[in-house]
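Structural description and commentary
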Amino acid sequence: MKKLLLSASVILLATGAFAQNTMSGSDARFGIKAGVNLARFHASDFDGSSTFNDNVKDNVGFNVTAFADFGVGNNFFIQPGVSLQNKGAKFESTDALTVGNSTTTIVSSNKTSLMTIEVPVNAVFRIPTGDAGAVQISAGPYIGFNVSGKNKLESTTTIRNNTTNTSSVSNSSSEDDLSFGTATDKDYSGTEFGANFGLAYRTNSGFLVGANYGLGLSNLVPKDSRSGDGKLTNRVLGFTVGYSF
């Protein structure tokens, strides 16, 4: 692992030294980016964690980030930002039961959506690609503050008469606001922290496109509701486009 990291560092430094387009320690720029999130929860050390993780699905959301790049050396800079991140998870299930000549099928969907104000601070290596632009590799910590959220449950019940081959369908839905904090009556923790890993390409004209993976490290279960080592964390894969100047 140490050899791999050393080799990567040498390649990055060599690339920066011989590239025509560099970002030096005196440079600074600002930008904004936005895109789509594929978010889900990850459970660990709970009874049924494996089943939970096998059945959880992506909650499709969005992200918007304002950021600044502060050069600290040739092709190396620090990138703090403020971001609005839509996280959460989704579960879907289908259950069927036949009694006599009647079959009841229930298709349900439970979607949890969290809105988080996130403050990331990433270290970014820049690998120039001639006059076109540069590849940017980033990593760093973030802290997030859960500010709002909803839990939406939808279900469709179909009752089929197997003798007459007829069916009746009914739909139901409910939506509840989520609460955040440490007490047992709260749904999720109010804060979280984790790590970001990103890969992007920025043209010399300022346009950029990239992908980011957010690895939640802190427990989303409210502190007073925790038992044992059980933990629920965020996992977010994001895709963005943006512009910096």
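Residues numbered from 1 in each chain as written. Predicted model: local features only at pLDDT ≥ 70, side-chain atom pairs only at ≥ 80, totals over all residues. Heavy atoms only, no water.

Our focus in this paragraph is the overall build of the protein chain. In terms of regular secondary structure, the protein chain is built from two helices and nine strands. Start at the N end of the protein chain and walk to the C end: the helices and strands fall as α-β-α-β-β-β-β-β-β-β-β. Burial status across the protein chain gives 36% buried among its 245 residues. Taking the contacts inside the protein chain whose residues are at least 6 apart along the sequence as the reference set, 68% of them involve residues at least 24 apart. Carbon and sulfur atoms make up 61% of the accessible area of the protein chain, which totals about 13,400 Å². (Helix = DSSP H or I, 4+ residues; strand = E, 2+ residues; numbered from the N terminus. Buried < 20%, exposed > 50% of the residue type's maximum accessible area, 1.4 Å probe, protein only. Contact = heavy atoms within 4.5 Å. Areas by Shrake-Rupley, 256 points an atom, 1.4 Å probe, with all protein chains shown as cover.)

This brings us to the confidence of the model for the protein chain. Looking at the protein chain as a whole, its pLDDT mean stands at 90, while 89% of the residues score no less than 70. Mean pLDDT in the protein chain bottoms out at helix α1 (residues 2-18), which sits at 38, and peaks at strand β8 (residues 207-216), which reaches 98. In this model residues 1-20 is a low-confidence stretch, pLDDT under 50, and it forms eight contacts with partners more than four residues away in sequence or in other chains. (pLDDT = per-residue confidence, 0-100.)

This part covers the packing of aromatic side chains. With the rule as written, the count across this model stands at six aromatic pairs. Between Phe76 and Phe125, the ring centres sit 5.1 Å apart and the planes meet at 45 degrees, which makes this aromatic pair tilted. Residue Phe76 is located in strand β3 (residues 76-99), and its partner Phe125 is located in strand β4 (residues 102-128); the two are separated by 49 residues in the primary sequence. Sitting over the face of the ring of Phe77, Arg29 holds its NZ or CZ atom 5.3 Å from the ring centroid. For Lys33, the ring lying beneath its charged end belongs to Phe67, and the centroid distance is 5.4 Å. (Phe/Tyr/Trp six-rings, centres within 6.5 Å; stacked < 30°, edge-to-face > 60°. Lys NZ or Arg CZ within 6 Å of the ring centre and 35° of its normal.)

To continue, consider empty space enclosed by the protein. A water-sized probe, rolled over the atoms, reveals where empty space remains. On inspection of all chains with the given rule, the structure shows one cavity of 30 Å³ or more. When its volume is computed, the largest cavity comes out at roughly 440 Å³. Lining the largest cavity are 31 residues, with Lys33, Thr65, Asn122, Asn196 and Asn212 sitting closest to its centre. Among the elements that take part in the lining of the largest cavity, β3 stands out by supplying six residues, more than any other. Its residues assigned to classes, the lining of the largest cavity shows ten nonpolar, 18 polar and three charged. (1 Å grid on protein atoms, 1.4 Å probe; cavity = no way out; pocket = protein on both sides within 12 Å on 5 of 7 lines; lining within 4 Å. Points joined across faces, edges and corners; volume = space filled by probe spheres on them. Nonpolar A, V, L, I, M, F, W, Y, C, P; charged D, E, K, R; others polar.)

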